[in-house]
Amino acid sequence: MGRTLAEKVWQEHVVRSAEGEPDLLYIDLHLIHEVTSPQAFDGLRLAGRQVRRPDLTIATEDHNVPTVDVDQPIADIVSRTQVETLRKNCAEFGIRLHQMGDASQGIVHVIGPQLGLTQPGMTIVCGDSHTSTHGAFGALAFGIGTSEVEHVLATQTLPQYKPKTMAITVNGALPEGVTSKDIILAVIAKIGTGGGQGYVLEYRGEAIRALSMEARMTICNMSIEAGARAGMIAPDETTFAYLKGRPNAPSGADWDAAVAHWRTLVTDDDATFDAEVVIDAAELTPFVTWGTNPGQGAPLSASVPDPSAITDPGERGAVERALEYMGLQPGTKLRDIKVDTVFLGSCTNGRIEDLRAAAAVLKGRKVADGVRVLVVPGSMAVKRQAETEGLNQVFVEAGAEWRSAGCSMCLGMNPDQLAPGERSASTSNRNFEGRQGKGGRTHLVSPLVAAATAVTGRLSAPSDLD
Amino acid sequence: MEKFTTHTGRAVPLRRTNVDTDQIIPAVYLKRVTRTGFEDGLFAAWRQDPEFVLNRPEYAGADVLVAGSDFGTGSSREHAVWALQNYGFKAVISPRFADIFRGNSLKGGLLTVLLPEAEVEQLWQTIERDPTTPVTVDLVERQVRYADVVVPFEIDDYTRWRLLEGLDDIGLTLRHADDVEKFEQTRPAWKPRTLPAAG
C-alpha cells in the first residue's frame with residue numbers, strides 16, 4: 001500500500017521501534033530560543049550530560065528582544081537575564097547562536113528557511129509551537145516542551161507516537177486579493193481549534209501548488225492553531241528553487257543527490273489519509289477573526305455572530321464570553337470595527353513577500369489618524385532586503401513605524417504590547433485573550449487586510465480603498 | 001520525575017472550553033529561568049476577577065482541575081504545566097487536550113485525564129453542588145472515582161508505566177545509545193549541519 005508524505009518522513013527517521021512503546025525518532029535539526037531552553041540546559045548540567053550534536057543545533061534570540069535600540073542592552077532586567085542565560089548556555093555547550101545585532105538574527109522560524117537549514121524530508125523540532133512552519137518544505141516539524149528540548153539536546157532523538165494523517169485539499173485558484181493567510185484562517189474556522197488534534201495535516205491541491213514558499217510557510221505555521229502539531233506540503237520545483245544557493249543548502253553533487261531524494265517525498269497515489277477536508281479556493285475571500293481563538297473567524301464581508309442563534313449551550317457561552325472580551329455587539333459588520341493598532345510581522349507573516357504586499361497597498365497612502373502601525377521584519381535579513389527595495393521608505397512615508405526583527409507584538413514579551421482595551425489588526429497567529437498585551441483585543445488578518453486597515457482605521461481589504 | 005499512582009483531593013470546576021496556554025500563563029510570566037515560581041502567573045488575568053472559580057473560598061486547596069474541551073491549546077510553553085503544578089494541581093480532567101500540552105504534562109508528572117464530555121458535565125455538577133466531594137484519580141486502576149461514581153479512562157500502557165515508576169525519559173532513551181549511533185552512520189552526507197557557520 002502507498003504511503004503518505006508524513007509516513008515516509010517518519011519511517012526514514014525511526015531509530016528504534018518496539019511493540020507497545022513510542023517510536024524513537026532521530027531529529028535532524030533542533031532550533032533553540034531563549035524562553036523555552038534555560039531549564040533544559042539546567043537539566044543537562046544537573047545530570048552531567050552533554051549536547052549530543054551541537055552541529056545539528058542552532059539558537060537565536062527572538063521572543064524577548066526589543067525592536068528598537070537593538071544595539072543597546074535590553075532594558076527589562078528579567079528579559080535581559082533570560083537572553084544572557086541563552087548566551088552562556090550556547091557558549092558552554094558549543095552551540096551556534098545568532099544574537100541581537102547579528103546579521104542573521106531573527107525569529108527562529110524565519111531564519112531556519114532563510115539559511116537553507118530547513119530542507120525537505122527532515123525532522124525539525126523547537127520549543128515553540130510554530131515550528132510547524134518548516135513543514136512547508138516537506139519536513140516533519142513540530143513544537144516541543146522544555147523537557148523534550150532537554151531530551152533532544154542529550155540524545156538528538158525523541159520518543160513519539162505516530163500521528164494520524166489528514167489531507168487538506170484546496171482545489172482551484174485563489175481569487176485576486178485572497179492570500180494563504182485567508183486559506184488557513186478559513187481552514188481553522190471550518191475544522192475548529194481541536195479539529196487537527198492527533199493529526200499531521202498535509203496541504204494539497206492546485207491552490208497550494210500555486211503558492212510561493214513564503215505563502216506555504218504561512219499556512220503550515222498555523223497548523224497548530226487547528227490543533228495539529230505539524231502541517232506539511234510536498235516539496236516541488238518551487239521548493240528546490242527557493243533552497244538552491246542558500247548558505248546551508250547542499251551544493252554540487254550533493255545538491256543532485258538531495259534533489260533526487262526530495263522528489264520521492266510525495267504522497268503515493270494509492271496512499272490513504274485518516275481524514276480529509278476539501279476546500280474550494282474560488283469561494284475564499286479575505287478572512288478575519290472576531291473572537292478569542294483562531295477558529296472564531298469569518299469572511300470580512302460578514303458580521304459579528306449572534307450567540308442567541310447558537311443552540312449548543314457550551315458553544316453559545318464561548319461566543320458570549322468572546323464577544324464580551326472583544327467588546328463587540330452581535331450583528332456589527334466586521335468592516336465597521338475600528339482598530340487602534342496594526343501589527344505587521346511575526347513568524348506567520350513577517351517575511352519579505354508579506355512586507356512587499358503590504359507596502360504595495362500603502363504606497364502613496366497615509367495611515368488613518370490615531371492608528372499606530374508597527375512593521376516588524378521577521379529577521380534582520382528580511383529587514384535589509386526590504387531596505388534595499390525601499391519598502392521601509394514606503395512604510396515610514398505612510399506613517400508606520402519601521403522596526404528591527406523579533407517576535408514583538410505577536411506575544412508581547414518585549415515592550416511592543418497593546419494597552420488594556422486597545423484593539424489591533426494583526427498578521428500574527430493568535431487572538432487569545434491578552435496575547436498581545438493584557439486586556440488587548442486582537443483580530444487576525446492577512447498582510448493585505450492589515451495594510452488596508454491601517455489606511456481606513458477599520459477592518460478593510462485593499463478593494464475597499466478604490 | 002515524581003511517581004504518580006493515585007491521588008485523592010477536592011476538585012475545581014473550570015467551565016470553559018479552549019483554555020489556551022496564554023490564559024494558563026501569559027507570556028510576560030515566562031521570563032524566569034527556573035522551573036519554580038510560576039504559580040503567580042497561573043490564570044493571571046482571570047484571577048483578578050474575585051468571582052473567578054479559583055478565587056472562591058469553597059474551592060481553596062482543591063488540587064484537581066476539571067476543565068472543558070481543548071484545554072492547553074496554543075503555545076508549547078511547558079511553563080503552563082509548571083504553573084499548574086507550582087500552584088498545587090496534581091491532575092487535570094478534560095474531554096480533550098491539545099497535543100503539546102498533554103505531552104508536556106505527562107513528561108512532568110501532571111496527570112491529564114481524558115473523560116467524555118457527559119462525564120465532565122456530571123463531575124462539574126457534583127463538585128458545584130458539594131465542593132467538598134473527594135475526587136480520586138487512580139492511574140493504577142485507570143479510573144476517576146467520586147461519590148458513588150466510577151469512570152474508567154484510557155491512557156497508553158507505556159506512559160502509565162513511566163508515570164507509575166517516575167522514570168526519566170532521557171535515561172530510558174540513553175539505554176539505546178547504540179541504536180542512535182548506528183542510525184547516525186546511515187544519515188546522508190548532504191543533510192545540513194549548523195557548524196561551522198556557513199555564510
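Values in this document were obtained by computation on a predicted structure and should not be read as measured data.

## A closer look at the overall build of chain A
Thought 1: Counting its regular elements, chain A contains 16 helices and 19 strands.
Thought 2: Scaling as 2.2 N^0.38, a compact globule of 466 residues should have a C-alpha radius of gyration of about 23 Å, and chain A matches this with 21 Å.
Thought 3: Projecting the C-alpha coordinates of chain A onto the three principal axes gives extents of approximately 55 × 55 × 45 Å.
Thought 4: Evaluated residue by residue, chain A yields a buried proportion of 62% over its 466 residues.

## As for the sheet that holds strand β2 (residues 64-67) of chain B
The strands that make up a sheet are held in pairs by hydrogen bonds between backbone atoms, and each pair lies either parallel or antiparallel.
Residues and elements named next belong to chain B.
Thought 1: Taken together, the seven strands give an open sheet; going across it, the order is β4-β3-β2-β1-β5-β6-β7, and neighbouring strands pair in mixed fashion. Looking at which strands have only one partner, the edges of the open sheet turn out to be β4 (111-114) and β7 (149-152). The sheet shows a mean angle of 30° between the axes of neighbouring strands, direction not considered.
Thought 2: The sheet contact formed by β2 and strand β3 (residues 91-94) spans three bridges and is parallel.

## Here's the deal with the interface of chain A and chain B
Thought 1: On the chain B side, the residues contacting the 66 residues of chain A number 51 residues.
Thought 2: Examining the composition of the side of chain A that touches chain B, we find that seven residues originate from one element, helix α5 (residues 146-155) of chain A, more than from any other.
Thought 3: The residue inventory of the side of chain A that touches chain B, partitioned by class, reads 22 nonpolar, 30 polar and 14 charged.

## Focus on the packing of helix α2 (residues 79-87) of chain B against helix α3 (residues 99-108) of chain B
Residue and element names in this part refer to chain B.
Thought 1: For the pair α2 and α3, the least separation of the axes is 9 Å and the interaxial angle reads 50°. If you check the angle between α2 and α3, you find them oblique. Here α2 and α3 pass one another in a crossing that is right-handed. Seen from α2, the contacting residues are Ala 80, Val 81 and Gln 85; seen from α3, they are Phe 101, Asn 104, Ser 105 and Gly 108.
Thought 2: Here the contact of α2 with α3 is built from residues that sort into three nonpolar, four polar and no charged.

## Considerations on unusual backbone geometry
Residue and element names in this part refer to chain B.
Thought 1: In the segment running from Leu 195 into Pro 196, the intervening peptide bond is cis, with an omega of -10°.
Thought 2: By secondary structure assignment, the location of Pro 196 is in the segment after α7 (177-185).
Thought 3: In this structure, Asn 18 is a non-glycine residue whose phi angle is positive, near 55°.
Thought 4: Relative to the helices and strands, Asn 18 resides in the loop between β1 (6-14) and α1 (21-24).
Thought 5: Of note, Phe 43 is a non-glycine position whose phi angle comes to about 45°, a positive value.
Thought 6: As for its placement among the helices and strands, Phe 43 is situated in the loop between α1 and β2.
Thought 7: For Phe 43, a count of 22 C-beta atoms within 10 Å translates into the label buried.

## What to know about helix α8 (residues 213-221) of chain A
Residues and elements named next belong to chain A.
Thought 1: Most of α8 sits inside the fold, with eight of its nine residues counted as buried.
Thought 2: Regarding α8, the residues found buried are Glu 214, Ala 215, Arg 216, Met 217, Thr 218, Ile 219, Cys 220 and Asn 221.
Thought 3: Buried residues in α8 make contact with α4 (108-115), α6 (180-191), β10 (199-204), β11 (230-232), α12 (346-349) and α13 (352-362).

## Observations regarding the environment of Arg 335 of chain A
All names here are of chain A.
Thought 1: When you line up the elements, Arg 335 lands in the loop between α11 (313-326) and β15 (341-344).
Thought 2: The class for Arg 335 is partly exposed, based on 17 C-beta atoms found within 10 Å.
Thought 3: Residues Arg 335 and Val 304, spaced 31 residues apart in sequence, show a C-alpha to C-alpha distance of 9.9 Å.

## Comments concerning helix α3 (residues 77-93) of chain A
Residues and elements named next belong to chain A.
Thought 1: Here α3 contains 17 residues, and its C-alpha end-to-end distance of 24 Å stays within 8% of the 24 Å for a straight helix at 1.5 Å per residue.
Thought 2: Packed against the buried residues of α3 are α2 (38-47), β4 (57-60) and β5 (96-98).
Thought 3: Directly beyond the C-terminal end of α3, a positive phi value near 75° is found at Gly 94.

About the cut-offs
- Residues numbered from 1 in each chain as written.
- Chains lettered and ligands numbered in written order.
- Predicted model: local features only at pLDDT ≥ 70, side-chain atom pairs only at ≥ 80, totals over all residues.
- Helix = DSSP H or I, 4+ residues; strand = E, 2+ residues; numbered from the N terminus.
- Rg over C-alpha atoms; globule rule 2.2 N^0.38 Å.
- Buried ≥ 20, exposed ≤ 12 C-beta atoms within 10 Å, placed from the backbone.
- Pairing = 2+ DSSP bridges.
- Axes fitted to C-alpha atoms, helices over the stretch in contact; angles between N-to-C directions.
- Contact = placed C-beta atoms within 7 Å.
- Nonpolar A, V, L, I, M, F, W, Y, C, P; charged D, E, K, R; others polar.
- Parallel < 35°, antiparallel > 145°, perpendicular 65-115°, else oblique.
- Left-handed = near helix turned anticlockwise from the far one by under 90°.
- Expected span 1.5 Å × (residues − 1).

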